[in-house]
Amino acid sequence: CASGYQPYKDLDIYGTDSMKKYRGQTMGSLEPHIFAVAEQAFNKMEIENNNQSIIVSGESGAGKTVSAKYAMRYLAFRSKSKTETENEKKVLASNPIMEAIGNAKTTINDNSSRFGKYIELHFNDRNHITGVSMQTYLLEKSRVVHQASHERNYHIFYQLYSSRNMFPQLKLGDSDKYNYLNSLQISDNDSQSINET
């Protein structure tokens, strides 16, 4: 914000006190919360000994990544896992790379996810988290060769192109040598704005 005023602030609804509040509660007994969903999944896994899935969906910018992070944090809390922060950090550290490869500018959002993620937490027989794995699914392969008007390719394309002088081994020439780049009219300002996203 130009005035320096930040209208957003963290709410105290994702801390340890909230996690304790939802522990052992049935779905619907408390107000809706990502912890309620995670509690139900953990409870069913523990009692029924069945694998569980939590699907986090929503429009671009709705908070899917943050919701998945809180669900993982809650499951680590419930499993009394000492690896909570380690696993969470590993998943979150991969996010900027994933976004560069899988996010693109659309007419609605400059940083829209065009891919899906599947995060799998591994539990042992005592329901403690022992590891985590993540798979990604590129849902919009057509964007690689064509974009709608006012939309763009994946961020990584512009980031590599704007860094071509730093990485001569990539052997990327000037834009006038490529039909694709000629039709896009890329400028260094465009690349800079993507790098700042």
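Residues numbered from 1 in each chain as written. Predicted model: local features only at pLDDT ≥ 70, side-chain atom pairs only at ≥ 80, totals over all residues. Heavy atoms only, no water.

Looking at an unreviewed UniProt entry, the chain carries the name Myosin motor domain-containing protein, with the source organism given as Acyrthosiphon pisum. UniProt lists a comment for the chain under the heading Sequence similarities (unreviewed entry), and it reads "Belongs to the TRAFAC class myosin-kinesin ATPase superfamily. Myosin family." (UniProt positions renumbered as here; feature names shortened; annotations may be inferred.)

Participant: Just checking my understanding: could you explain the packing of aromatic side chains for this structure?
Facilitator: Centre distance and the angle of the planes are the two values used to describe a pair of aromatic rings. Per the counting criterion, the structure on display carries seven aromatic pairs. Consider the rings of Phe35 and Tyr74, whose centres lie 5.1 Å apart with planes at 25°: the pair is stacked. Of this pair, Phe35 sits in helix H2 (residues 34–48) while Tyr74 sits in helix H3 (residues 64–78); the two residues are 39 residues apart in sequence, bridging distant segments of the chain. A relative accessible area of 0% means that Phe35 is categorised as buried. (Phe/Tyr/Trp six-rings, centres within 6.5 Å; stacked < 30°, edge-to-face > 60°. Helix = DSSP H or I, 4+ residues; strand = E, 2+ residues; numbered from the N terminus. Buried < 20%, exposed > 50% of the residue type's maximum accessible area, 1.4 Å probe, protein only.)

Participant: Even after reading the chapter, I still don't get the environment of Val145, so can you show me in this structure?
Facilitator: Following the sequence through the fold, Val145 ends up in the loop between strand S4 (129–138) and helix H6 (155–162). Distance in space between the C-alpha atoms of Val145 and Tyr180 is 8.1 Å, their sequence separation being 35 residues.

Participant: What am I meant to see in the pattern of salt bridges here?
Facilitator: Pairing between side chains of opposite charge can happen when their charged atoms approach one another. Under the counting rule described, the total for this entry stands at seven salt bridges. Salt-bridge contacts for Glu48 lead to Lys44; the nearest nitrogen and oxygen are separated by 3.4 Å. One end of the pair, Glu48, and the other, Lys44, are both in helix H2, four residues apart, so they sit about a helical turn from each other. We classify Glu48 as partly exposed; its relative accessible area is 41%. By relative accessible area, which is 31% here, Lys44 ends up partly exposed. Here Glu140 ties to Arg143 by a salt bridge, and the two come within 2.6 Å at their closest N and O atoms. Relative accessible area serves as the criterion here: at 3%, Arg143 is assigned to the buried category. (Salt bridge = Lys/Arg side-chain N within 4 Å of Asp/Glu carboxyl O.)

Participant: Would you mind showing me how to read the nonpolar core here?
Facilitator: Soluble, globular proteins show a tendency: their nonpolar side chains are buried together. If you look at the biggest cluster of nonpolar residues, it comprises 17 residues, and the most contacted ones within it are Met19, Tyr22, Ile34, Phe35, Tyr74, Leu75 and Leu121. Elements supplying a minimum of two residues to this core: helix H1 (16–22), H2 and H3. A total of seven residues in this core trace back to one element, the largest contributor, which is H3. In contact with Phe35, not counting residues within four places along its chain, are Ile13, Tyr14, Gly15, Ser18, Met19, Tyr22, Tyr70 and Tyr74. (Core = buried A, V, L, I, M, F, W, Y, C linked by side-chain atoms within 4.5 Å. Contact = heavy atoms within 4.5 Å.)

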